[in-house]
Each structure stands twice: as C-alpha cells, then as structure tokens.
Amino acid sequence: MNRRRPRNIPSRPLVLIVEDHDDTRELYIQSLVSLGFEAIGAADCQQACLRAWESHPDIVVTELVLPGGDGWQLIQDLKREARTRDIPVVLLTGYAAPSLRERAQREGCAAFFAKPCLLDELAAELRHVLDRTAVHERVSTSV
C-alpha cells in the first residue's frame with residue numbers, strides 16, 4: 001500500500017504527538033486520550049516518520065524544535081511520502097511569531113498553536129481539522 005486511503009474519521013482518532021520533552025509529550029498523550037482520542041508519541045523526526053509510516057495516524061501534532069531535525073523538515077518529509085502526505089499536521093510550538101504562523105500555512109499545516117495552549121481547545125481544533133479533512137477527501141475521491 002503506497003498511498004493512504006481516505007476513510008471516515010473514527011470516534012477515537014489516532015494522534016501522533018511529536019515532542020522531545022518526555023513529560024510534555026506524555027501530558028499531551030494522556031490529556032488527548034481523556035478527551036476522546038487515541039494517542040502515541042515520538043521524540044524526534046526519525047521516530048516520528050517511522051511511527052507515521054507504521055501506524056497511519058489520523059493527525060500529527062508536532063513541536064517545531066526537535067532533535068535530529070526540526071518540525072519543518074518533518075512536515076516536508078511527511079508531505080513527500082505518498083503514504084503520509086494526506087495526514088494533516090498541526091504545529092504546536094513555544095514560538096509564536098507571526099512569520100512562523102505564515103510559514104506554517106505555506107508549508108501546509110492544518111493549524112498552528114502557541115504553547116501553552118488549553119488542551120480542550122487543542123482537542124476541539126484537532127476534531128475540526130479532521131472533520132474538514134474527511135469532507136475534503138470524500139469530495140476529492142467522488143469526483
């Protein structure tokens with residue numbers, strides 16, 4: 001299977017959290033699980049690409065600063081591969097400069113959050129992105 005197939009978003013979407021700080025990554029994973037998601041983590045770009053390839057998450061949430069590369073490289077790597085290019089990516093970072101928001105949009109990010117953010121707001125936006133993406137995929141494949 002070389003290409004990710006469009007599908008209906010499950011009631012408990014799988015989120016890949018890419019964050020190098022173990023405590024922060026675990027906080028996001030546990031919080032999203034309690035808010036109705038399934039979640040897995042990755043600590044760096046290489047691990048994130050491998051996890052995305054193996055587990056086919058419904059959405060990826062990544063920090064910008066990562067060991068072994070950065071969030072921009074991860075986004076480009078995911079968008080380059082047929083199997084992962086349709087997975088929406090949300091950038092969650094401690095850097096909130098307007099230029100970063102603009103670049104995130106240019107790079108194809110589905111959303112941008114500055115840390116700290118309220119976890120229920122993050123969960124609501126993830127569901128919104130997934131709903132919007134599912135509608136887009138259904139329209140694209142029916143044409």
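Let us look at the structure shown here.

Procedures and definitions
- Residues numbered from 1 in each chain as written.
- Predicted model: local features only at pLDDT ≥ 70, side-chain atom pairs only at ≥ 80, totals over all residues.
- Heavy atoms only, no water.
- Helix = DSSP H or I, 4+ residues; strand = E, 2+ residues; numbered from the N terminus.
- Buried < 20%, exposed > 50% of the residue type's maximum accessible area, 1.4 Å probe, protein only.
- Contact = heavy atoms within 4.5 Å.
- Areas by Shrake-Rupley, 256 points an atom, 1.4 Å probe, with all protein chains shown as cover.
- Pairing = 2+ DSSP bridges.
- Axes fitted to C-alpha atoms, helices over the stretch in contact; angles between N-to-C directions.
- Parallel < 35°, antiparallel > 145°, perpendicular 65-115°, else oblique.
- Left-handed = near helix turned anticlockwise from the far one by under 90°.
- Phe/Tyr/Trp six-rings, centres within 6.5 Å; stacked < 30°, edge-to-face > 60°.
- Lys NZ or Arg CZ within 6 Å of the ring centre and 35° of its normal.
- Salt bridge = Lys/Arg side-chain N within 4 Å of Asp/Glu carboxyl O.

## Quick look at the overall build of the protein
Logical step 1: Within the protein, the secondary structure is distributed over five helices and seven strands.
Logical step 2: Listing every helix and strand of the protein by position from the N terminus yields β-α-β-α-β-β-β-α-β-α-β-α.
Logical step 3: Burial status across the protein gives 42% buried among its 143 residues.
Logical step 4: Expressed as a percentage of contacts within the protein between residues at least 6 apart in sequence, the contacts between residues at least 24 apart total 65%.
Logical step 5: Surface accessibility of the protein: about 7,600 Å² in total, with carbon and sulfur atoms responsible for 51%.

## Digging into the sheet that holds strand β6 (residues 89-93)
Logical step 1: Strand order in the open sheet formed by five strands is β2-β1-β3-β6-β7, with parallel pairing between adjacent strands. Two strands lie at the open edges of the sheet, namely β2 (38-42) and β7 (111-114), each paired on one side alone. Across the sheet, the axes of successive neighbouring strands diverge by a mean angle of 20°, strand direction being ignored.
Logical step 2: Relative to strand β3 (residues 59-62), strand β1 (residues 14-18) runs parallel, the two sharing four bridges. By the bridge assignment, I17 is partnered in β3 with V61.
Logical step 3: Packed onto the sheet, helix α1 (residues 22-34) meets β1, β2 and β6 and runs at close to 170° relative to β2.

## Overview of the packing of helix α2 (residues 45-55) against helix α3 (residues 71-80)
Logical step 1: Viewed as axis vectors pointing N to C, α2 and α3 meet at an angle of 25°, and their least axial separation amounts to 10 Å. Taken as axis vectors, α2 and α3 run roughly parallel relative to one another. Handedness of the α2/α3 crossing: right-handed. Two secondary-structure elements touch here, α2 through C45, A48, C49 and A52 and α3 through L74, D77 and L78.

## Some points on the packing of aromatic side chains
Logical step 1: Enumeration over the complete set of coordinates arrives at zero aromatic pairs.
Logical step 2: Positioned above the aromatic ring of W53 is the side chain of R83, whose terminal nitrogen or guanidinium carbon lies 4.3 Å from the ring centre.
Logical step 3: Its end group placed over the ring of F37, R127 keeps NZ or CZ at 4.5 Å from the ring centre.

## Here we look at the pairing of β3
Logical step 1: Residues of β3 alternate between two faces, with I59 and V61 on one and V60 and T62 on the opposite face, all of them buried.
Logical step 2: Direction of pairing for β3 relative to β6: parallel, over a ladder of three bridges. Bridge pairing in β6 links V60 to V89.

## Quick notes on the pattern of salt bridges
A side chain with one charge can pair with a side chain of the opposite charge if their charged atoms come near.
Logical step 1: According to the stated counting rule, one finds five salt bridges in the structure shown.
Logical step 2: Residue R103 is joined to E107 by a salt bridge in which the shortest nitrogen-to-oxygen separation is 3.4 Å.
Logical step 3: If you follow the salt bridges from partner to partner, you end up with E19, E63 and K115 in one network.

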